[in-house]
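Close look at the chain arrangement
Now for the letters of each chain:
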Amino acid sequence: MTRTAYINARLIDPATNLDAPGGLLVEDGKIADVGPRLFNDAKPANADIVDCKGQALAPGLIDLRVFTGEPGAEHRETLASAGESAAAGGVTSFAMMPVTDPVIDDAALVDFIKRRAAANAKVNVYPCAALTQGLKGTQMAELGLLQEAGAVAFTDADRTIASTLIMRRCLTYAANFDALVIAHAEDPALASVGHMNEGAFAARMGVGGIPAAAEAIVVERDMRLVELTGARYHLGQVSTAAALEIIAKAKARGLPVTCAVSAHHLVLNEQDIGEYKTFAKVSPALRSEEDRKAMVEGVRAGTIDAIVSSHDPQAPETKRLPFAQAAYGAVGLETLLPAALSLHHEAGVSLIDILRRLTLEPAKLLRMSAGRLAKGAPADLVLFDPGAPRKIDPIEFRSRSKNSPFKGRLMQGRVSRTIVAGTTVFSAV
Amino acid sequence: MTGLFARQHLLAIAPLTRQEIESLLDLGAEYVDLNRQISKKRDTLRGRTLINLFFEPSTRTQSSFELAGKRLGADTMNMSVNQSSLKKGETLIDTAMTLNAMRPDIIVIRHQDSGAVALLADKVSCSVVNAGDGAHEHPTQALLDALTIRRRLGRIEGLTVAICGDVLHSRVARSNVHLLTKLGARVRLVAPRTLMPAGAATWGAEIFTDLREGIKGADIVMMLRLQMERMTGSFLPSQREYFHFYGLDREKLALAKPGALVMHPGPMNRGVEIDSAIADDIDRSLIHEQVEMGVAARMAVLDALARQLPNAERKV
């Protein structure tokens, strides 16, 4: 039996609203004991001791939105490199988007991802499967068989299903299997002519705009469909105040609806595109400062359930292009924690509420037992210094891709150790 | 025959009383015996003209009605849509009026649109039998199913019947729910949510979206044909997924009552809604018996309707 005792920690557990000094004992990959006064009097016998030196010890982060390049674009990211990147970012589990080549729309591919990830990735990888075959938005994927193979949710990732009829049928069928659907909200026709948020800034730059309404229109439609079908619906990324208001109303009406925001949309706004910086070209687009503030308030109020990295590795050949031609997407696994912590340092959101949206809430959505500092739960943990200052340098990233819009930015929060099932998978030197 | 069924048309099961249904089943049972004799011919409908007007392709229903008419001594004529003048632009009602002018006594009609048979029945002076209209009703199928169950198990009252599959597009399911509930059976409807009609919970049947749950303890498992030809838009991901969750195989059938019987209105999609091992199992499958009962049930219906025709000669 392997035993590791984490002593002198600042325990943060959103599930029990615990934020206090204490200790935690890991036995055979599971949390064997945890508590504010644990190890106060005596160090445990027969255990390796890790002195946390007052740093925060929390459940490992659970990221609901990560793209990898495996299979099909391994030069951008493999399951192994995504695992390294996640571990360095304090992320112990992530849900993988099915946008690969081939698309994960077949039970055999779910099995492939699970096996490859188990063999090569340092963290837990939960494959999401396509909601429609080939992500084409016309014929639903084999949700039942995919779920049996281990797909945790169904999503066309960065695509909105244009046909209301197909979306309705997908939601009805998903409800049949009590499956979670992760939607993207961007009216395809409105979005087809733009590359960034519509407004004065885009107009001045001469870049086609995507109006905030493109998001609200789809979310409004989808809320009606959720009401009709009873499906579990999660908006993968909310970016506008208008859409968040619609979500809040749907929640108030008791609909089974949740949403997440990406770290990019919490920290950046359209102005961060600056001189056509393609690393800041993401989908949905970075929005106005008012929208960004609404996202921060959504996290504070709990209208937004989860914070995601929306990690999307892109290579120079897809990013070193004129803005309109460049691919969407930004890496984010290694900046997720400091970006989220900026809400604590700059907007006064409590540490525990930020962590709640990075651990417990995503775990609940995926119906996982992780995300808690509870006896018997998997020992997936992150040890970090919430206040440590740093300058973001993508060269240091473990990810194979370096397309970070946070390059050169001063942030606070540094992961010093990441533990998956009791094993340390990352340790800062 | 008690003569309880006294209508000009048979358009649906919904308006019928339990007594009307039982009188038709009693008459049907007599014809089953007749059909098993060497001489199957009666002259009940001698001199009468029966037209089978099929706007939708059909093998078993059309031949079943044709045989029923012939065994009762009627002159029968089959008309299917690809030979009809509808192709030349004639309206549906004009076609019916034209046929009506030829003075048939009974027209058997199948049409792809719900309500189309009733529309035609309104316009003609002869008797009309609905041989299936859209996703509305298929009354003679429900009668033959009931006849099959009654002969096999001796009763319908108190039985648990699970009707499984593509309920949304199924007129067979609708007619059977009406008939079986009127006769005191406990009816369950089992379908994935995309193939379960909105409001089915108000039909008097119990609703299940999981086949294993839905057939648990059932006396009769009635499988429906997956109507691929009626599906526009994405109702299901694939046939293999459908078979995995909603196809009847030995493993799932084991959850029903021991010895539970399996029915299917045909034509079957083997390996989609039903495994061949079940379909061909003579101890469990009533599928061929259903076809046999079909002729008898239709003879009963034609006989009963003929008794209401003007100038009917009452038989002793």
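Position numbers for residues start from 1 in each chain and track the written sequence from start to end. In the order they appear in the text, chains get letters beginning with A and ligands get numbers beginning with 1. Local features in a predicted model are, by the rule used here, given only for residues with pLDDT of at least 70; side-chain atom pairs are given and counted only at 80 or more, and totals for whole chains, interfaces and linings are based on all residues. Note: side-chain values were computed over all heavy atoms of the structure, leaving out hydrogens and water.

Turning our eyes to something else, we now look at the overall build of chain B. Every helix listed is a DSSP run of H or I at least four residues long, and every strand listed is a run of E at least two residues long, numbered separately from the N terminus. When helices and strands are counted, chain B shows 11 helices and 9 strands. Only C-alpha atoms enter the radius of gyration; for comparison, a globular chain is expected to reach 2.2 Å times N to the power 0.38, where N is the number of residues. Whereas a compact globule of 316 residues would reach a radius of gyration of roughly 20 Å, chain B reaches 19 Å, a difference of no more than 12%. The C-alpha extent of chain B, read off along each of the three principal axes, is 55 × 45 × 35 Å. Partly exposed residues are those whose accessible area sits between 20% and 50% of the maximum for their type, while under 20% is buried and over 50% is exposed, using a 1.4 Å probe and protein chains only. A buried classification covers 57% of the 316 residues belonging to chain B. We call two residues in contact when some of their heavy atoms are within 4.5 Å. Residue pairs at least 24 apart in sequence account for 74% of intrachain contacts in chain B once pairs closer than 6 positions are excluded. In short, Shrake-Rupley with a 1.4 Å probe defines the accessible areas, and a residue's cover is counted only from the protein chains shown. When the accessible surface of chain B is summed, it comes to about 12,900 Å², and 50% of that surface belongs to carbon and sulfur atoms. In chain B, 40 positive and 36 negative side-chain charges are present, and the distance between their average locations comes to 2 Å. In this tally Asp and Glu are treated as negative and Lys and Arg as positive; neither His nor the chain ends contributes. Where a charge lies is defined by one atom per residue type: Lys uses NZ, Arg uses CZ, Asp uses CG and Glu uses CD.

The next subject is the overall build of chain A. Helices and strands together make up the secondary structure of chain A, namely 14 helices and 18 strands. Taken against the 2.2 N^0.38 rule, which gives 22 Å for 429 residues, the C-alpha radius of gyration of chain A at 21 Å falls within 12% of a compact globule. C-alpha atoms of chain A, sized along the principal axes, occupy 65 × 45 × 45 Å. Sequence separation of at least 24 residues holds for 75% of the intrachain contacts in chain A that already meet a minimum separation of 6. Element-wise, carbon and sulfur atoms account for 50% of the exposed surface of chain A, whose accessible area totals about 15,600 Å².

A few words now on the domain arrangement of chain A. All names here are of chain A. The domain boundaries here were taken from an automatic or database domain assignment. When its domains are assigned, chain A resolves into domain 1 (3-57 + 378-427) and domain 2 (61-366). Here the C-alpha centroids of domain 1 and domain 2 sit 26 Å apart. Each partner contributes residues to the interface: domain 1 has 37 residues there, and domain 2 has 48 residues. Here's the idea: put two parts together, see how much 1.4 Å probe accessible area each one loses, and the total over both is what we call buried area. In this assembly, domain 1 packs against domain 2 so that about 3,300 Å² is buried in total across both faces, 67% of it on carbon and sulfur atoms. On the domain 1 side of the interface with domain 2, the three residues burying the most area are R400, N403 and F406, jointly 20% of the side's total. By definition, a salt bridge exists where a carboxyl oxygen of Asp or Glu is found within 4 Å of a side-chain nitrogen of Lys or Arg. Where domain 1 touches domain 2, the interface holds 1 salt bridge. Two N or O atoms count as a polar contact when they lie within 3.5 Å, although within protein this holds only if one can serve as hydrogen donor and the other as acceptor, and sequence-adjacent residues are included solely when both atoms are side-chain atoms. Here domain 1 is connected to domain 2 by 17 residue pairs in polar contact (both at pLDDT 80 or more). Of all the elements, strand β17 (residues 410-420) adds the most residues to the side of domain 1 that touches domain 2, at 7 residues.

Right, let's get into the packing of helix α5 (residues 139-153) of chain B against helix α11 (residues 287-306) of chain B. Packed helices, taken two at a time, are described by the angle their axes make and the gap between the axes. Residues and elements named next belong to chain B. Here, axes are lines fitted to C-alpha atoms. For helices the fit covers the stretch in contact, and angles between N-to-C directions go from 0 to 180 degrees. Closest axis-to-axis distance for the α5/α11 pair is 8 Å, and the angle between their directions is 115°. Like other packed secondary-structure pairs, α5 and α11 cross with a definite hand, here right-handed. Each of T140, Q141, L143, L144, D145, L147, T148, R151 and R152 in α5 lies in contact with α11, whose residues at this interface are E289, Q290, M293, G294, A296, A297, R298 and V301. With the far helix as reference, a near helix turned anticlockwise by less than a right angle produces a left-handed crossing, and one turned clockwise produces a right-handed crossing.

This brings us to the sheet that holds strand β5 (residues 160-164) of chain B. All names here are of chain B. By this definition, two strands are paired if DSSP reports at least two bridges between them. As summarised here, the arrangement of the 5 strands in space is β7-β6-β5-β8-β9, forming an open sheet in which the pairing is parallel. Strands with a single pairing partner mark the edges of an open sheet, and in this sheet they are β7 (206-208) and β9 (261-263). If you compare each strand with its neighbour and ignore which way they point, the axes differ by 20° on average. Judged from the 4 bridges that link them, β5 and strand β8 (residues 220-223) form a sheet pairing that is parallel. Paired with V161 across the bridge in β8 is I220.

What follows covers the pairing of strand β3 (residues 106-111) of chain B. All names here are of chain B. Judged by how many residues are buried, β3 sits mostly within the fold: 6 of 6 residues are covered. Neither face of β3 is open: one carries I106, V108 and R110, the other I107, I109 and H111, and all of them are buried. In the sheet, strand β1 (residues 49-54) pairs with β3 via 5 bridges, with the strands oriented parallel. When the sheet's bridge partners are listed, L53 is paired in β3 with I109. In terms of strand pairing, β3 meets strand β4 (residues 127-133) through 5 bridges, oriented parallel.

Below, the discussion takes up the packing of aromatic side chains. Note on aromatic pairs: the rings of Phe, Tyr and Trp (six-membered ring only in Trp) are paired at centre separations within 6.5 Å, and the planes decide the class, stacked below 30 degrees, edge-to-face beyond 60, tilted for the rest. Inspection of every chain in the model, using the stated rule, returns 3 aromatic pairs over all chains. Relative to F177 of chain A, the ring of Y173 of chain A lies with its centre 5.1 Å away and its plane at 65°, an arrangement referred to as edge-to-face. When its relative accessible area of 1% is taken as the criterion, Y173 of chain A is described as buried. Arranged with centres 4.7 Å apart and planes meeting at 65°, the rings of F177 of chain A and F245 of chain B form a pair that is edge-to-face. One end of the pair, F177 of chain A, is in the loop between α4 (164-176) and β10 (180-183); the other, F245 of chain B, is in helix α8 (residues 239-246), on a second chain. Given a relative accessible area of 16%, F245 of chain B falls into the buried group.

Glancing now at the sheet that holds strand β7 (residues 91-96) of chain A. Two modes of strand pairing occur in sheets, parallel and antiparallel, and in both the strands are linked by backbone hydrogen bonds. All names here are of chain A. The strand order across the open sheet formed by 3 strands is β6-β7-β8, and the pairing between neighbours is parallel. Edge strands, defined here as strands with exactly one partner in the open sheet, are β6 (61-66) and β8 (124-127). Between one strand axis and the next, the sheet turns by 20° as a mean value, whatever way the strands run.

On to the nonpolar core. Residues and elements named next belong to chain B. Put simply, buried Ala, Val, Leu, Ile, Met, Phe, Trp, Tyr and Cys residues joined by side-chain atoms within 4.5 Å make one nonpolar core. Counting residues in each nonpolar core, the largest one holds 199 residues, and the members touching the most others are L143, I163 and L180. For this core, the element with the most residues is α11, which contributes 12 residues. Other than its neighbours up to four places away in sequence, L180 contacts I149, I156, V161, I163, A185, V187 and M222.

So, on to the interface of chain B and chain A. Taken together, the contact pairs 17 residues of chain B with 20 residues of chain A. Approximately 1,500 Å² of surface area, both sides summed, lies buried where chain B meets chain A, with 51% of it carried by carbon and sulfur atoms. Summed over the three residues of chain B that lose the most area to chain A, namely R193, S234 and P237 of chain B, the buried surface amounts to 38% of that side. Taken together, the connections running from chain B to chain A amount to 2 salt bridges. Salt-bridge contacts for R240 of chain B lead to E142 of chain A; the nearest nitrogen and oxygen are separated by 2.5 Å.

It is worth spelling out the side chain of R298 of chain B at this point. Residue and element names in this part refer to chain B. Tracing the backbone through its elements, the reader meets R298 in helix α11. Buried charge without a partner: R298 forms no salt bridge, and the closest opposite charge is D145, 8.2 Å away. At 3.2 Å, the side chain of R298 and the side chain of T140 are in polar contact. In contact with R298, other than residues within four places in its own chain, are T61, S64, F65, A68, H138, T140, Q141 and L144.

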